[in-house]
Amino acid sequence: ILGMVILPGCTKSQVLKGKSEEEQLEKQKEKSPYYFSFTVTKEEGNKLNTYNYISDFETKTIDEKSKIPYTSQYPLTVYLDSKDEVYYTYREDGAGDDEIYRKKCGSLNGNRLTDSLFAVNYIFPFADRVYLVAVENGTRAMGLFKLENGEICRMLKDEDAFVWQVNYNSDIEKIVFNTYSQSEFDEKMANNMGEESFGVNTIYEMDLETERIQKIADVEAGYMTAIVLDSSGDIYYQI
């Protein structure tokens, strides 16, 4: 099982222009070498294992960073080069929920970082904090959270807003994401005899330096398949 984004041909693509391209480009800082961290699940014998790999853009090599037993609903791993660590989802024996764990590359065991989650869709680790998109126990919609100093807090306060597609741009240190209304989705599914029907999408941007979340626009209704923030501040999305 390899996580990827598939962009079908019969869809609608849009772009939202950044307001201050020069200002955002000036904020670019010196970065570590670019790499792509990805997750692969393999069937090995009579069990499944999840692996974390990184693809280095400069050397064009692929390196295995960690092997983790497949126990979670949604296997997810992310490598953080500054600490040589892998963040991943894991479900302990007998537990019904996915939590976030962290371990040093090369070590056998990891440490659990959360204890209140049900499922996790995205992990964005940094040296001093972790942003994640997850469902908390007792709630329905995926939310945007920050994990820092052992504490988890909801960044987008609206618990009805389902955070769906997310993209991080390291050049300008910003995250862009879309949401749709969970209650509206549930109501439309009930009225349409179980057929999925997505409402209006709202696009947000979060500056990681200030952690200010700014609403960019309400865009058309539909199933959003991808969203991207480029280094000039332009936002591209596909529905």
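Residues numbered from 1 in each chain as written. Predicted model: local features only at pLDDT ≥ 70, side-chain atom pairs only at ≥ 80, totals over all residues. Heavy atoms only, no water.

S.K.: Just checking my understanding: could you explain the side chain of Asn-167 for this structure?
M.R.: Mapped onto the elements of the fold, Asn-167 is located in strand S13 (residues 161–169). Polar contacts involving the side chain of Asn-167 include one to the main-chain amide nitrogen of Leu-229, which spans 3.0 Å. The contacts of Asn-167, once residues within four sequence positions are left out, are Lys-174, Ile-175, Val-176, Ile-227, Val-228 and Leu-229. (Helix = DSSP H or I, 4+ residues; strand = E, 2+ residues; numbered from the N terminus. Polar contact = N/O pair within 3.5 Å; in protein donor to acceptor, adjacent residues only side chain to side chain. Contact = heavy atoms within 4.5 Å.)

S.K.: What exactly am I supposed to notice about the environment of Leu-80 here?
M.R.: Looking at the element boundaries, Leu-80 is found in strand S5 (residues 77–80). Relative accessible area serves as the criterion here: at 7%, Leu-80 is assigned to the buried category. Sequence spacing of Leu-80 and Cys-105 is 25 residues, and the spatial spacing of their C-alpha atoms is 9.9 Å. Once residues lying within four places of it in the same chain are set aside, the contact partners of Leu-80 are Tyr-35, Glu-85, Tyr-87, Pro-125, Phe-126 and Ala-127. (Buried < 20%, exposed > 50% of the residue type's maximum accessible area, 1.4 Å probe, protein only.)

S.K.: Sorry if this is basic, but what is going on with unusual backbone geometry here?
M.R.: Apart from glycine, the bulk of residues carry a negative phi angle, and the bulk of peptide bonds sit in the trans form. Backbone geometry at Lys-60 places phi at a positive 60°, although glycine is not the residue there. By the secondary structure assignment, Lys-60 is in the loop between strand S3 (47–56) and strand S4 (62–69). With a phi close to 55°, Glu-173 is a non-glycine residue in the positive phi region. Along the chain, Glu-173 turns up in the loop between S13 and strand S14 (174–181).

S.K.: Where do I start with the nonpolar core in this structure?
M.R.: The nonpolar side chains of a soluble globular protein tend to be buried with one another. Leu-144 and Phe-177 are the most contacted members of the largest nonpolar core, which totals 23 residues. The set of elements that each furnish at least two residues to this core consists of strand S9 (117–125), strand S10 (130–136), S13, S14 and strand S15 (200–207). Sorting elements by how many residues they give to this core places S13 first, with four residues. Those residues in contact with Phe-177, other than ones at most four positions away along the chain, are Leu-144, Leu-156, Val-163, Gln-165, Val-166, Thr-202, Ile-203, Tyr-204, Ile-213 and Ile-227. The next biggest cluster of nonpolar side chains, apart from the first, holds 14 residues, and it includes Leu-76, Val-78, Leu-117 and Val-130. (Core = buried A, V, L, I, M, F, W, Y, C linked by side-chain atoms within 4.5 Å.)

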